[in-house]
Amino acid sequence: IDFKIITNNGNHDRMKMLIDLKNIFARQLPKMPKEYIVRLVFDRNHESMCIIKDDTKVIGGICYRKYPTQRFAEIAFLAITANLQVKGYGTRLMNKFKEHIQKQDVEYLLTYADNYAIGYFRKQGFYQEIKMHPDKWKGFIKDYDGGTLMECYVHPNIDYGN
Ligand code: ACO
């Protein structure tokens, strides 16, 4: 298992991985309009961390946007391919992501969790109570009806590596 940060930079192999990840999101997040998924995954402000099996096979990932001046990042989409869910990959991905984002001086993660994913996010240290001051994030991220806003504090000194 490998973790790779991928942005839309025109590199052919990486673009293929982003397309594979986009397809996993589209399948696993059926309520999200496909065009919206495509737009964010290929948007230059967004980055994705992919989980890669056997060197080339994308089995899941997380698409996010950093707001460096605000010291938070928003998780837009997160999914693991259907036949590999609930085997621990989602947890490994989140730990790797926290380890990465911690080095970028990010203090909080925010996400609009789908109702059936709230349990997963809770287990990853996310809470429905938002501790970040509203001035820091309101107006930066879009309201989204279909989800519950959740927050995770990224402790600067915790070793999230696994
Ligand atoms: N509800 C409650 N608990 C869950 C759920 C869920 N939907 N999914 C996993 N869990 C639990 C597991 O049982 C496990 O608990 P345990 O540690 O007590 O055994 C723990 O969460 C971690 O499970 P993993 O195996 O690490 O999770 P997985 O690899 O399945 O990844 C994920 C979780 C990403 C939610 C995956 O199930 C998935 O892709 N689901 C469909 C898409 C989805 O819902 N994505 C999130 C939408 S919200 C958003 O994108 C911002």
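All of the points below concern the structure found in this document. Remember, predicted model here, so these are calculated numbers, not experimental data.

### Remarks on the site of the ligand
Around the ligand there are 24 residues in total, and Val 86, Gly 88, Gly 90, Thr 91 and Tyr 116 lie nearest to it. At 2.6 Å, a backbone N or O of Val 86 approaches an oxygen atom of the ligand. One nitrogen or oxygen atom from the side chain of Thr 91 is found 2.6 Å from an oxygen atom belonging to the ligand. Elements with a contribution of two residues or more to the shell around the ligand: strand E4 (72-80), helix H3 (89-102), strand E5 (108-113) and helix H4 (118-123). Grouping the constituent residues of the shell around the ligand by class yields 13 nonpolar, eight polar and three charged.

### Focus on the nonpolar core
If you look at the biggest cluster of nonpolar residues, it comprises 26 residues, and the most contacted ones within it are Ile 62, Met 94, Phe 97, Ile 101, Leu 109, Phe 121 and Phe 126. The set of elements that each furnish at least two residues to this core consists of strand E2 (46-53), strand E3 (57-67), E4, H3, E5, H4 and strand E6 (148-153). Per element, the largest residue contribution to this core is five residues, and it comes from H3. With residues near it in sequence (within four places) discarded, Met 94 still touches Ile 62, Ile 75, Leu 78, Tyr 120, Phe 121, Gln 124 and Phe 126. Counting residues in each nonpolar core, the second largest holds 19 residues, with Leu 18, Ile 24, Val 41 and Val 58 among its members.

Cut-off values and rules
The written sequence of each chain sets the order in which its residues are numbered from 1. The predicted nature of this model means local features are confined to residues of pLDDT at least 70 and side-chain atom pairs, given and counted, to a pLDDT of 80 or more, with totals for whole chains, interfaces and linings taken over all residues. Side-chain metrics rest on all non-hydrogen atoms present in the structure, leaving aside hydrogens and water. We call a residue near a molecule or strand as soon as one heavy atom of that residue lies within 4 Å of the molecule or strand. Polar contact is the term for a pair of N or O atoms within 3.5 Å; when the atoms are in protein, one must be able to donate a hydrogen and the other to accept it, and sequence-neighboring residues count only if both atoms are side-chain atoms. Put simply, DSSP H or I for four residues or longer makes a helix, DSSP E for two residues or longer makes a strand, and each gets a number counted from the N terminus. Polarity classes work like this: nonpolar for Ala, Val, Leu, Ile, Met, Phe, Trp, Tyr, Cys and Pro, charged for Asp, Glu, Lys and Arg, and polar for all others, with Gly in that last group. We call a set of buried Ala, Val, Leu, Ile, Met, Phe, Trp, Tyr and Cys residues a nonpolar core when their side-chain atoms join them within 4.5 Å. For each residue, the accessible area found with a 1.4 Å probe, counting protein chains only, is set against the maximum for its type, and the residue is called buried under 20%, exposed over 50%, and partly exposed in between. Contact between two residues is taken to exist if any of their heavy atoms lie within 4.5 Å; hydrogens are not considered.

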